[in-house]
Amino acid sequence: MKILESFLLDNNKIFFGFAYSLLSDDLQAQQVVIDAIYVFTLKRQDLIDQLHDDKSSLKQVDVLAQINKFILTQIFSIGQKRIIHLKNAIDSDGSFLAFYEMNMVKRAVIYLKYKTQTAFSEIAEIIDVNEFELMGILSSAQKNLIENLGYDTKHLFV
Amino acid sequence: MNIEMPGSSPKVAIAKDKENNNRKTEVLGQTDPDPLSQDRVCLHSRKLFSLISSNDEVSSFEYMRRHFQECSFCQNQYYKLLKLKTEIIKNIPDVMPDKTMQDSYAMEISEMLAKVESRGHFAKKPEMFLDKIFSFFSTLNH
């Protein structure tokens, strides 16, 4: 259990950062991360067992990668449900307005793409779309963010 | 009596519109002439943003490298897009939880995992018990 605990503590920065990029509130982000880990402990006992099973066919690194993906998926899923209730309650401090003007899916894609080492195929799984759809979302998210920052993108995608 | 102001005639308005349309748009503080109005537009530039967004795959970069040496249009677009990529990264929030939050997170995680561990022991007990029963029957058969 020590391996899992240290993994969860080390990856808190990624989990929290991702949740914050979705909800723009630190307390809500923290709670979503804890909820996602709680769901993981309830639903994926098999991964926890594999992590501590020396005879497991999967390497420890691969199991941890799967755990990481599962938790990020849960953060996205719970965050999506929570933002509906919190839309009016969250008080943004005005920073990163260009980023928060985009919708949640675009924010998630942009954050995972540029701030984490998550592979393209994994991002697709986390936000539950196929890779072709993801390409479209990423492209339009980048364009939106650039436009929200006040740049003219008319001639950049010639 | 109609008094026509010098700047308000339709002709002047149309001329102003044209001037506005032809005005060079600014991208990252540099004047950027409309690429479509230039003599030479390179179709390879369409792939540039995908190339920049890709995870610096050597093969795709190698493919474009030769082209960059020859095509000034793509070079200019490429460097503009690189700057924009930096802007994008700069404008993504990357917030760290503070010390209090980290402590409470650590406490919650350790409590949660302690529960999982105790649940795991309970889950394993029947399995061990079944193993013993099976081994007992197997000895009876022999």
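Residues numbered from 1 in each chain as written. Chains lettered and ligands numbered in written order. Predicted model: local features only at pLDDT ≥ 70, side-chain atom pairs only at ≥ 80, totals over all residues. Heavy atoms only, no water.

With respect to the pattern of salt bridges
Alright, step 1. Within the structure shown, the criterion is met by 8 salt bridges over all chains.
Alright, step 2. Here Lys143 of chain A makes a salt bridge to Glu147 of chain A, at a shortest N to O gap of 3.7 Å. Taken together, the residues Lys143 of chain A and Glu147 of chain A, both in helix α9 (residues 131-148) and 4 residues apart, mark about one turn of the helix.
Alright, step 3. Overall, Lys143 of chain A belongs to the partly exposed group, its relative accessible area being 33%.
Alright, step 4. For Lys90 of chain B, the salt bridge is made with Glu87 of chain B, and the minimal N-O distance between the two is 3.1 Å. A residue pair is termed a helical-turn pair when its members lie 3 or 4 positions apart in one helix, as Lys90 of chain B and Glu87 of chain B do in helix α4 (residues 72-90) at 3 residues. (Salt bridge = Lys/Arg side-chain N within 4 Å of Asp/Glu carboxyl O. Helix = DSSP H or I, 4+ residues; strand = E, 2+ residues; numbered from the N terminus. Buried < 20%, exposed > 50% of the residue type's maximum accessible area, 1.4 Å probe, protein only.)

So, the interface of chain B and chain A
Alright, step 1. Contacts between chain B and chain A engage 44 residues on the former and 41 residues on the latter.
Alright, step 2. A buried area of about 4200 Å², summed over both sides, lies between chain B and chain A, and 70% of it is on carbon and sulfur atoms.
Alright, step 3. Of all residues in chain B, Pro93, Tyr105 and Leu113 of chain B give up the largest surface area on contact with chain A, accounting jointly for 17% of the area buried on that side.
Alright, step 4. Applying the counting rule to chain B against chain A returns 2 salt bridges.
Alright, step 5. Ionic pairing is found between Asp94 of chain B and Lys115 of chain A, a salt bridge with its closest N-O pair at 4.0 Å. (Contact = heavy atoms within 4.5 Å. Buried area = accessible area lost by both parts, 1.4 Å probe.)

Notes on the confidence of the model for chain B
Residues and elements named next belong to chain B.
Alright, step 1. Taken residue by residue, chain B gives an average pLDDT of 69. The fraction at 70 or more is 51%.
Alright, step 2. When mean pLDDT is taken per element in chain B, α4 scores highest with 86 and strand β1 (residues 25-27) scores lowest with 45.
Alright, step 3. Taken together, the stretch residues 1-8 has pLDDT below 50 and engages in 3 contacts with residues farther than four places along the chain or on a different chain.
Alright, step 4. Across residues 22-31 the pLDDT falls below 50, and counting only partners more than four positions away or on other chains, this stretch makes 18 contacts in the model.
Alright, step 5. Overall fold confidence (pTM) sits at 0.74, and the ipTM for the predicted complex is 0.86. (pLDDT = per-residue confidence, 0-100.)

Concerning the packing of aromatic side chains
Residues and elements named next belong to chain A.
Alright, step 1. Within this structure, the stated rule accounts for 5 aromatic pairs over all chains.
Alright, step 2. On the numbers, 6.1 Å between centres and 35° between planes, the contact of Phe18 with Tyr111 is tilted. Of this pair, Phe18 sits in helix α2 (residues 12-23) while Tyr111 sits in helix α7 (residues 104-115), and the two are 93 residues apart along the sequence. No difference in accessibility class separates Phe18 from Tyr111, as the two residues are buried.
Alright, step 3. Here the guanidinium or amino end of Lys113 rests over the ring plane of Tyr114, the centre of that ring lying 6.0 Å away. (Phe/Tyr/Trp six-rings, centres within 6.5 Å; stacked < 30°, edge-to-face > 60°. Lys NZ or Arg CZ within 6 Å of the ring centre and 35° of its normal.)

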